[in-house]
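A closer look at the structure
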Amino acid sequence: MKRFRRHGQESQRDRLKQELFQFNKTVEHGFPHQPSALSFSPSLQLLAIGTHSGAIKLYGAPGVEFMGLHDENAAVTQVHFLPQQVELVTLLEDNSLHMWTLRAHQGLSELLEIGRFTLTGPPGAFPNVTRVTAVLAHSLGELLLLGTEGGHVFIVEVPGFRELEERNISLDQVANSVPEDYIGRRNLEHVEALQENPVDPNQVVIGYGRGLMVIWDLEKQCALQHIPATQQLESVWWTEDGRHLISSHSDGSYCRWAVGEGDESDEEEKSDIPYGHFPCKAITKIIQLPTQQGPPFLLFSGGMPRASYGDRHCITVIHGKTQIALDFTSRIIDFFVIKDGPQHTGDPSALVVLVEEELVVIDLQTDGWPVIQTPYLVPLHCSAITCSHHVSAIPLKLWERILATGDLQQTHYSKKPWPITGGQNLAPDPPQRDLLLTGHEDGTVRFWDASGVCLHPMYKLSTAGVFHTDTDPNDNMNQSTEGEWPLFRKVGCFDPYSDDPRLGVQKIHLCKYSGYLTVAGTAGQILVLELNDEAAEQTVEAKVVDLLQGQEGFRWKGHTRLDVREEPVLFPPGFQPFALVQCQPPAVITALNLHSEWKLVAFGTSHGFGLYDYQQKNSVLVKCTLNPSDQLAMEGPLSRVKSIKKSLRQSFRRIRRSRVSLRKHHVNNAAKLQEANARLEAELAEMELAPVQRKIEARSSDDSFTGLVRTLYFADTFLSDSSHNTPSLWAGTNGGCVFAYMLRIPPMEHRAEEGVAAQPAKEIQLMHRAPVVGIVVLDGHGAPLPEPLEVAHDLARSPDMQGSHHLLVVSEEQFKVFTLPKVSAKMKLKLTAIDGSRVRRVGVSWFSSSRTEDYGESGLVVLTNQGDLHVVSLPHVKMQVHYPCVRKEDVSGIASCVFTKHGQGFYLISPSEFERFSLSTRFVVEPRCLVEPPLHSAASQRRRQLDGASSPHRHVSTAAASLPSQPPPPLANLPVCPSPSRNPRQDAEDAEVLQEIQKSLEGDQTLTMENNVKSAVA
């Protein structure tokens, strides 16, 4: 009966776990790592980015995001939306083509791959014959033109990916039609560009690498005109009126060619090298767009003089007499222009540029062409991220003050709204306001709105102004010499270079109730800041704290401390420093905690820890934890004098000791093993079987960095006796030692006059000497103690002071609970993994039930060095669930993980991206959006039906036929293919039939696509 009862209890607990815990990777914040391709759909108003890792990401209005991942581990080289449809095609580095669609499912759209295709040449052909170099998605929406390295153009029907061999354009066909006097006719090279005539879909221009451009008639299957350029071709642009072609070349020139009915008008109309006749870099892409009133916009990338500006990444914008070279922060991947109007045929409104490290959008309709602030795809790594800190449920008043100060920093941005508006964001409003703070290598702290899907920048704090650095305040990269030509303008915020690596931010702690902020850095500096709505000029005095406490025999070999400015500094509105603590030696701050109710800051390094009273601006406590044998702790992370011989010597000594111990105990191993097995069998007979647990090996006390402080914790609990609670400070070190200090805090009315006192109370040495990574005190109900001022603001219940408190010490090896105040071990939990798991990150979270709002549990969230997430129950420290989350090889991702108070977390999947995950069934932030197909007119349906009927070799799939597009009308003065006479009445009847077919197929449109793809592959 006991066994059945326990089984029933376990089943009930399992059901409760399902209501509390669920693991999901929900959204990726930031800028995609190593982008490689860009595309834009004017009809869907969606932006697509492909990456080197094979990911494809779609973005529309803020909150509208989709992501897909190719099975092949190959870079995405090109992305193309099918005109007027919800499909797009990607080309990978392995020469495979992939079809993706946005399919609606239960009211939400999802990005799905529905087909793949690879060109196959004739038997025995060289691979370059079918290696795709250029792709054109035809405006009719059912054809792809694929230009190859061998000079051929293959025509493929989509979405079924069926090659139309009869319509392919071979290199021989083109070469035979080239005039005899063209110097490069025997070697046209690869197809560099494919462009469609904007006014006649039957005409395309094929641009070959050698420079030749051929206007080809798709219906007549013949060449209409040859344009024999002599320079290496980079790109081709067909003007919107269809009358001119603009080609850009490898020598930094571009040419304008008139489009005629034959080769009589093959003369260059205009050839120009915009940046002089000295050797210039290639113009890789060129665009010309007309305006309704005024001159057209001409935009091109590259073309800079090699000797003077060959290292610049520029896009030149020419409009009338205005010419500016936009100087970007990294290599340009691609760019496009968004136009006004419901049909996107108006004046150019925004230039969208994808560079290697960020996305930049330029407002082309406002004087000065300012940058439009991006609501997503913000480069988190504009300076390298060094730490992060998450704060949940920000009070509205503090939130508005941070927003207001952030708005003052963004006056240089355009007032225009975000121009990419595709899709509908159906996600509910965030239940609370969350902040994510990131510390950076250049000494800045950036505040991000982490409440929803978009990680939006709110405010930027710089700590460099407090110190003297090597930077020159008059050194402005945006300034250009008077009269300098070309006129450069620096755009973008990516700046990976730090003026001084000692400025790097290592720890952050924000109190959301008081508005106090502490920022600790690489050179042992701790700044205490408060939020001020007005600018203020003040002097920040440094309080130097000697963590070695005069111990002899130690010499710091690392970097020096930062020099503090002695003169008053004008700080802008926002967080302003009013206190500074400088640790000596100036080592990296490894632990930091702030108690705003007691006005105390605790900090720790590899040498010890201290306590600072920022109200009276004096030091309360200094404790040296340095091991006398630990010389590595005196060298610092930026030291170049670290002794390799010493490291090797220590390693060999460790190996020698282990060999000696093995020889010593080898004789008695067999007897001891038999004795241990017998004892184990006796114990198992009396107790229930526990999970398989890894043996914890004791660590040597002379390991390096044993005195490094890993965690600091404030608690109001019982230290001296069980009847009087007192404020306390707890510190855990790398050597498995926990220090506890009793604090005497004066009453509020005497706080300004009387000082804070600290005296040692407890010291715990863990037997296995594993690093202590977390400390939590549990009240009489087993709940973690609330945050400072949380009870005062009626946001948490008062802790239970009647029952006995418990101390939970989390080491890398185990979770151990001690009773207070006696500090006697009560229970423990060892990691059950047998593959060497160690705790790397730990946090306390609240998990609410998905079934009822009245129930929830506190849990300990743990991330191990294997990349696994565990949830441990409190106060009984029992393992609840575990999930694989991060690759164990991703050491930086594991080290960057930060947990929220409600079961979510963030970790870096690249230097520029946070992966967001959730362990809670209730708090999940993920994209929920819908993209509807563009509206189609009857004329476009009629055109598609007639075009399909006129070609006996073309089989249009049913799904493709239900997604027709509107082609532009042909221009009368250009050569167009003859079309049969049409009966208006018949046209109307055909349109009605097609509309009925389309309505009947809306439900299973994508299913039909997939069937067509499968049949085509078969």
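The model shown is predicted, which means the values in this text are computed figures rather than measured ones.

**Points about the overall build of the protein chain**
Of the regular secondary structure elements, the protein chain holds 11 helices and 63 strands. Relative to its full complement of 1018 residues, the protein chain shows a buried share of 54%. For the protein chain, the accessible surface area stands at approximately 46800 Å², while carbon and sulfur atoms represent 50% of it.

**Focus on empty space enclosed by the protein**
A full pass over the atoms with the stated rule returns 2 cavities of 30 Å³ or more. Looking at the largest cavity, its volume works out to about 70 Å³. In terms of residues, the lining of the largest cavity owes the most to one element, strand β1 (residues 21–30), which gives 3 residues. The computed volume of the second largest cavity comes to approximately 50 Å³. Among the elements that make up the lining of the second largest cavity, the one with the highest residue count is strand β37 (residues 516–521) (3 residues).

**So, the pattern of salt bridges**
Per the stated rule, a full pass over the model turns up 26 salt bridges. Taking the shortest distance from any N to any O, the salt bridge between D327 and K490 comes out at 3.9 Å. One end of the pair, D327, is in strand β25 (residues 322–328); the other, K490, is in strand β35 (residues 488–490), and 163 residues separate them in sequence. Residues joined in a network through salt bridges with shared partners are D71, E72, E113 and R116.

**Quick look at the sheet that holds strand β50 (residues 737–744)**
With respect to topology, 4 strands assemble into an open sheet ordered β48-β49-β50-β51, the strand pairing being antiparallel. Both outer strands of the open sheet, β48 (709–718) and β51 (757–765), are each paired with one neighbouring strand and no more. Strand-to-strand twist in this sheet, taken as the mean axis angle between neighbours without regard to direction, amounts to 25°. Sheet topology places β50 next to β51; 8 bridges connect them, and they run antiparallel. Looking across to β51, one finds that M742 is bridged to Q759.

**Some words on the sheet that holds strand β29 (residues 385–391)**
The antiparallel open sheet is built from 4 strands, whose spatial order is β29-β31-β32-β33. Bordering the open sheet on either side are β29 and β33 (456–462), each of which pairs with just one other strand. Pairwise comparison of adjacent strand axes, ignoring direction, gives a mean angle of 20° for this sheet. Helix-sheet contacts for helix α4 (residues 396–408) involve β31 (435–440), β32 (444–449) and β33, and the interaxial angle to β33 is about 75°.

**Some details on the pairing of strand β4 (residues 55–59)**
Taking burial as the measure, the 5 residues of β4 include 5 buried ones, the bulk of the element. Judged by which residues are buried, β4 turns out to be covered on both faces: A55, K57 and Y59 on one side and I56 and L58 on the other are all buried. Relative to β4, strand β3 (residues 46–51) runs antiparallel, the two sharing 4 bridges. Bridge assignment links L47 to a residue of β4, and that residue is Y59. Between the antiparallel neighbours β3 and β4 lie 3 residues, among them G54 with a positive phi of about 90°. Taking the residues between adjacent antiparallel strands as the criterion, β4 and strand β5 (residues 65–69) are bridged by 5 residues, where G63 takes a positive phi near 100°.

**Here we look at the confidence of the model for the protein chain**
Predicted coordinates in areas of low pLDDT are best not read in detail. Looking at the protein chain, pLDDT values average 84 and 80% of them are 70 or higher. Across residues 660–668, where pLDDT falls below 50, the model places 1 contact with residues more than four positions away in sequence or in other chains.

**Re α4**
Relative to the 18 Å expected for 13 residues at 1.5 Å per residue, α4 spans 19 Å between its end C-alpha atoms, a close match to the ideal helical length. Looking at the buried positions of α4, the neighbouring elements they touch are β31, β32, β33, β38 (525–532) and β43 (574–584).

**Quick word on the pairing of strand β61 (residues 904–910)**
Of all 7 residues that make up β61, 6 are buried, and the element is covered over most of its length. As paired strands, strand β60 (residues 898–899) and β61 are joined by 2 bridges and run antiparallel to one another. By the bridge assignment, F899 is partnered in β61 with G905. The loop that links β60 with its antiparallel partner β61 comprises 4 residues; one of these, G903, has a positive phi angle of about 80°. Two successive antiparallel strands, β61 and strand β62 (residues 913–920), enclose a turn made up of 2 residues.

**Structural notes on the environment of V371**
The topology assignment puts V371 in the loop between β28 (359–363) and β29. For the pair V371 and H412, spaced 41 residues apart in sequence, the C-alpha to C-alpha distance is 7.8 Å. Setting aside its immediate chain neighbours within four residues, V371 contacts V360, V361, I362, Y413, S414, R489 and V491.

**Side note on the nonpolar core**
Residues I286, L299, L326, F328, L351, V353 and I362 are the most contacted members of the largest nonpolar core, which totals 36 residues. Of all elements in the fold, only β22 (283–289), β23 (297–302), β24 (313–319), β25, β26 (332–339), β27 (348–355) and β28 reach the threshold of two or more residues within this core.

**Description of the environment of T726**
Its location among the elements puts T726 in strand β49 (residues 725–733). Placed 18 residues apart in sequence, T726 and R744 show a C-alpha to C-alpha distance of 7.6 Å. When near neighbours in sequence (up to four residues on either side) are disregarded, T726 contacts A715, D716, T717, L719, M742 and L743. A polar side-chain atom of T726 sits 3.4 Å from the main-chain carbonyl oxygen of L743.

**Re the packing of aromatic side chains**
Any aromatic ring pair is given by two values, namely how distant the centres are and how the planes are angled relative to each other. For the coordinates displayed, the defined rule picks out 23 aromatic pairs. When the centroid spacing of 5.4 Å and the interplanar angle of 80° are considered together, the rings of Y376 and W418 count as edge-to-face. You can see Y376 sitting in the loop between β28 and β29 and its partner W418 sitting in the loop between α4 and β30 (424–425), a full 42 residues away along the chain. With respect to class, Y376 is no different from W418; both count as buried. Seen in terms of ring centroids, F609 and Y741 are 5.9 Å apart; in terms of plane orientation they differ by 80°. Their pairing is edge-to-face. One end of the pair, F609, is in strand β46 (residues 608–613); the other, Y741, is in strand β50, with 132 residues separating them in the sequence. The two residues F609 and Y741 agree in class, both being buried. An aromatic cluster of at least three residues, connected via ring pairs, comprises F23, Y883, F899, Y907 and F917. The residue whose ring lies beneath K285 is F335, and the NZ or CZ to ring-centre distance is 5.0 Å. Its guanidinium or amino end placed over the ring of F488, R312 lies 4.2 Å from that ring's centre, counting from NZ or CZ.

What counts, and at which threshold
Residues numbered from 1 in each chain as written. Predicted model: local features only at pLDDT ≥ 70, side-chain atom pairs only at ≥ 80, totals over all residues. Heavy atoms only, no water. Helix = DSSP H or I, 4+ residues; strand = E, 2+ residues; numbered from the N terminus. Buried < 20%, exposed > 50% of the residue type's maximum accessible area, 1.4 Å probe, protein only. Areas by Shrake-Rupley, 256 points an atom, 1.4 Å probe, with all protein chains shown as cover. 1 Å grid on protein atoms, 1.4 Å probe; cavity = no way out; pocket = protein on both sides within 12 Å on 5 of 7 lines; lining within 4 Å. Points joined across faces, edges and corners; volume = space filled by probe spheres on them. Salt bridge = Lys/Arg side-chain N within 4 Å of Asp/Glu carboxyl O. Pairing = 2+ DSSP bridges. Axes fitted to C-alpha atoms, helices over the stretch in contact; angles between N-to-C directions. Contact = heavy atoms within 4.5 Å. pLDDT = per-residue confidence, 0-100. Expected span 1.5 Å × (residues − 1). Core = buried A, V, L, I, M, F, W, Y, C linked by side-chain atoms within 4.5 Å. Polar contact = N/O pair within 3.5 Å; in protein donor to acceptor, adjacent residues only side chain to side chain. Phe/Tyr/Trp six-rings, centres within 6.5 Å; stacked < 30°, edge-to-face > 60°. Lys NZ or Arg CZ within 6 Å of the ring centre and 35° of its normal.

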